[in-house]
Amino acid sequence: MKFAVLFACVAFAVPAIAQQATPTPAADAKPEKKICRMVESTGSIMGKRECHTKEEWRQIADANADRAGRALDNRARMGGNGGMSGN
C-alpha cells in the first residue's frame, strides 16, 4: 500500500517538474516588425506589395540567389547560350 501511495506521488510530481523545466517565451516579447516592399509581378504593369520580416526577406533573397546560380550553371552546361543556336 505504501508503494502505491509513493508511486502515485511520483507519477503526479514528474509532469509538474517537467512543465516547469521547459523554457517559455517571454509574454511581453514583441512580434518581429514587418517590412513591406513593392515587387514586380509578371504580366502586370502594377507592382504587388509584399510584407515579410527581415529574416523572411533574407531567406527569399537567398533562395532567389540560389535559383539564379543554378540557372547560370545550366546555361553554361548547355553551351553558354541556353541551348539556342547562334543563328
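So, here is what we can say about the structure in this document.

Conventions used here
- Residues numbered from 1 in each chain as written.
- Predicted model: local features only at pLDDT ≥ 70, side-chain atom pairs only at ≥ 80, totals over all residues.
- Heavy atoms only, no water.
- Helix = DSSP H or I, 4+ residues; strand = E, 2+ residues; numbered from the N terminus.
- Buried < 20%, exposed > 50% of the residue type's maximum accessible area, 1.4 Å probe, protein only.
- Contact = heavy atoms within 4.5 Å.
- Areas by Shrake-Rupley, 256 points an atom, 1.4 Å probe, with all protein chains shown as cover.
- Disulfide = S-S within 2.5 Å.
- Salt bridge = Lys/Arg side-chain N within 4 Å of Asp/Glu carboxyl O.
- Polar contact = N/O pair within 3.5 Å; in protein donor to acceptor, adjacent residues only side chain to side chain.

What follows concerns the overall build of the chain. If you tally the helices and strands in the chain, you get 2 helices and 2 strands. Across the chain, helices and strands are ordered from the amino to the carboxyl terminus as α-β-β-α. Relative to its 87 residues, the chain shows a buried fraction of 3%. For the chain, the share of sequence-separated contacts (at least 6 apart) that also reach a separation of at least 24 residues comes to 0%. When the accessible surface of the chain is split by element, carbon and sulfur atoms take 61% of a total near 8200 Å².

Another point: the side chain of Thr53. Positionally, Thr53 belongs in strand S2 (residues 48-53). When near neighbours in sequence (up to four residues on either side) are disregarded, Thr53 contacts Glu32, Lys33 and Lys34.

As a further point, take the state of the cysteines. The full count for this structure, using the stated rule, is 1 disulfide. Between the sulfur atoms of Cys36 and its disulfide mate Cys51 the distance is 1.9 Å. What sets the handedness of the Cys36 and Cys51 disulfide is the S-S torsion sign, and at about 105 degrees it is right-handed. Of this pair, Cys36 sits in strand S1 (residues 34-39) while Cys51 sits in strand S2; the two residues are 15 residues apart in sequence, bridging distant segments of the chain. Exposure remark for Cys51: the relative accessible area of 33% places this residue in the partly exposed category.

Attention now moves to the pattern of salt bridges. Scanning the model with the defined rule gives 5 salt bridges in all. Lys48 is the salt-bridge partner of Glu50, the closest N and O atoms lying 3.8 Å from each other. Assessed through its relative accessible area of 45%, Lys48 is described here as partly exposed. Among the ionic pairs, Arg70 bridges to Asp66, the shortest N-O distance being 3.4 Å. A residue pair is termed a helical-turn pair when its members lie 3 or 4 positions apart in one helix, as Arg70 and Asp66 do in helix H2 (residues 54-77) at 4 residues. For Asp66, a relative accessible area of 44% translates into the label partly exposed. Each member of the salt-bridge network shares a partner with another, and the members are Glu55, Arg58 and Asp62.

The topology assignment puts His52 in strand S2. Here the side chain of His52 touches Glu50 through a polar contact of 3.1 Å, side chain to side chain.

Tracing the backbone through its elements, the reader meets Glu56 in helix H2. Measuring from C-alpha to C-alpha, the distance between Glu56 and Lys34 comes to 9.4 Å, with 22 residues separating the pair along the chain. There is a polar contact of 2.9 Å between the side chain of Glu56 and the backbone nitrogen of Thr53.

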